[in-house]
Amino acid sequence: MSAIMTHNVLPADGTVALCGLGNMGAAIATRLVQEYRVLGFDLNEGRRVEARRLGVAKVSKVDELAQASVIILSLPTPAIPFDVVTRLATPLKSGSVFV
């Protein structure tokens, strides 16, 4: 059984946010869009455009990812997730989960 199923963190509203749309993030997005509405953000505009072709609803600011109750981070260095979580902490919905 997957960790998501075990912890029952499936998004009640059907929306998942994905921060980081590089190689790994794009692969994750490809799977997620089959089941969920996916909001995606990356600093690289080209990656956001490509993700849109995959069916991801791109957002222009990382803060907009707080619309989702499940936020997946696919980021290249350990320092970046701390910055993202800090930026999203205030607008985040109660009960939201970071993966």
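Residues numbered from 1 in each chain as written. Predicted model: local features only at pLDDT ≥ 70, side-chain atom pairs only at ≥ 80, totals over all residues. Heavy atoms only, no water.

Chemist: Help me understand the sheet that holds strand S2 (residues 37-41), please; the structure alone is not making it clear to me.
Modeler: Sheet strands pair via backbone hydrogen bonds, and the direction of the pair is either parallel or antiparallel. Pairing is parallel in the open sheet, where five strands are placed in the order S3-S2-S1-S4-S5. Looking at strand neighbours, the two that pair on one side only are strand S3 (57-58) and strand S5 (97-98), the edges of this open sheet. Taken together, the two bridges between strand S4 (residues 70-73) and S5 define a ladder with parallel strand orientation. Each bridged residue has a counterpart across the sheet, and for Ile 71 the counterpart in S5 is Phe 98. Its contacts with the sheet place helix H2 (residues 23-32) against strand S1 (15-19), S2 and S4, and it is angled at close to 170° to S1. (Pairing = 2+ DSSP bridges. Helix = DSSP H or I, 4+ residues; strand = E, 2+ residues; numbered from the N terminus. Contact = heavy atoms within 4.5 Å. Axes fitted to C-alpha atoms, helices over the stretch in contact; angles between N-to-C directions.)

Chemist: Got a minute to help me understand helix H3 (residues 45-54) in this structure?
Modeler: Because an α-helix packs 3.6 residues into every turn, residues spaced three or four apart end up facing the same way. The backbone nitrogen of Gly 46 has a side-chain oxygen 2.7 Å away, supplied by the residue at the start of H3, namely Asn 44. Trailing H3 by a residue or two, Gly 55 shows a phi angle of about 110°, which is positive. (Polar contact = N/O pair within 3.5 Å; in protein donor to acceptor, adjacent residues only side chain to side chain.)

Chemist: So what exactly am I meant to see when it comes to the pairing of S1 here?
Modeler: Each regular strand displays side chains that alternate between the two surfaces of the sheet. Burial analysis of S1 places five of its five residues in the buried class, which makes it a mostly covered element. By the alternation rule, side chains of S1 split into Thr 15, Ala 17 and Cys 19 and Val 16 and Leu 18, which are all buried. Bridging between S1 and S2 involves five bridges; their strand directions are parallel. The residue of S2 that forms the bridge with Leu 18 is Gly 40. Sheet topology places S1 next to S4; four bridges connect them, and they run parallel. Bridge assignment links Cys 19 to a residue of S4, and that residue is Leu 73. (Buried < 20%, exposed > 50% of the residue type's maximum accessible area, 1.4 Å probe, protein only.)

Chemist: What's the story with the pattern of salt bridges in this structure? I'm lost.
Modeler: Between side chains of opposite charge, a pair can form as their charged atoms come close. For the coordinates displayed, the defined rule picks out five salt bridges. Taking the shortest distance from any N to any O, the salt bridge between Glu 50 and Arg 53 comes out at 2.7 Å. Taken as a pair, Glu 50 and Arg 53 lie in helix H3 at a separation of three residues, close to a single helical turn. Each of Glu 45, Arg 48 and Lys 58 takes part in one network of salt bridges that share partners. (Salt bridge = Lys/Arg side-chain N within 4 Å of Asp/Glu carboxyl O.)

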